[in-house]
Amino acid sequence: MVHTRLHLRPGMRVGLLGGSFDPAHEGHVHLTRVALRRFALDKVIWLVSPGNPLKARGPASLGARMSRARDIMHDPRVIISDFEAQIGTAYTAETVDTLKAAYPGVRFVWLMGADNLHQLHRWQRWEDIVHAVPLGVLARPGWRQAALNSRTARKYWHMRLPGRSSQSLADHAAPAWCFVNMPMMPVSSSELRANGAWRPED
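Residues numbered from 1 in each chain as written. Predicted model: local features only at pLDDT ≥ 70, side-chain atom pairs only at ≥ 80, totals over all residues. Heavy atoms only, no water.

## Some thoughts on the sheet that holds strand β7 (residues 177-180)
Part 1 of the argument: In space, the seven strands of this open sheet follow the order β3-β2-β1-β4-β5-β7-β6, with parallel pairing throughout. Bordering the open sheet on either side are β3 (78-81) and β6 (160-161), each of which pairs with just one other strand.
Part 2 of the argument: By the bridge criterion, four bridges tie strand β5 (residues 135-138) to β7 in an arrangement that is parallel. Its bridge partner lying in β7, Val137 is registered against Phe179.
Part 3 of the argument: Set on the sheet, helix α1 (residues 26-38) makes contact with β1 (13-19), β2 (43-48), β3, β4 (107-113), β5 and β7; between it and β2 the angle comes to about 145 degrees.
Part 4 of the argument: This element, helix α4 (residues 92-102), spans β1, β2 and β4 of the sheet and lies at about 155 degrees to β4. (Pairing = 2+ DSSP bridges. Helix = DSSP H or I, 4+ residues; strand = E, 2+ residues; numbered from the N terminus. Contact = heavy atoms within 4.5 Å. Axes fitted to C-alpha atoms, helices over the stretch in contact; angles between N-to-C directions.)

## Here we look at the confidence of the model for the chain
Part 1 of the argument: Here the chain shows a mean pLDDT of 88. Residues at 70 or above account for 86%.
Part 2 of the argument: When mean pLDDT is taken per element in the chain, helix α6 (residues 126-132) scores highest with 98 and helix α9 (residues 189-194) scores lowest with 51. (pLDDT = per-residue confidence, 0-100.)

## Here's the deal with the nonpolar core
Part 1 of the argument: Ranked by internal contacts, the top residues of the largest apolar core, which has 36 residues, are Leu8, Phe108, Trp110, Leu135 and Trp177.
Part 2 of the argument: Residues within four places of Leu8 in sequence aside, it is in contact with Val14, Lys43, Ile45, Ile79, Tyr103, Val106 and Phe108.
Part 3 of the argument: In terms of nonpolar packing, the next biggest core, distinct from the first, is built from 29 residues, Ala24, Ile72, Val109 and Ala176 among them. (Core = buried A, V, L, I, M, F, W, Y, C linked by side-chain atoms within 4.5 Å. Buried < 20%, exposed > 50% of the residue type's maximum accessible area, 1.4 Å probe, protein only.)

Laid out in structure tokens, this is it:
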């Protein structure tokens, strides 16, 4: 699968934040900055997905969502990428497999909000994801308890790192995961779409 090369070197600690980003907003920026610090990451890649297989309604065009992401995220450590569209998948397991094969020696960490941990068992090949890369989970409003009681959390509870060890997460072999709290920012893409704040032109 051909893709535009990402500037990643062996030994780098790289967070992967996937999603439709429909639209990207300050909550994504906030989560990314917390993740960079708490998990001691060198870079974070925003993987702007072609679409979410778990959502019935398709997102705005990929071009509009990529443009919005670049407009709102201003940090040289963050890469905005349409990697999944380039390799032809919307499934995280395939994305992770391809990235690990293309960039051996890079220490990838899959980043997610607590809401996604709650539903991770619904993702295609979800256990392959857990066994492929460590998971960095960040608390989001209203989701802490549901996430910690989720099927994934219960099954892999023994592989959980304490929050105080979050900066070593990238050094652990999967399966490993760490749940950290962050100051809450109650903004969501769905709210921005509902109130008309996101009206892409294309």
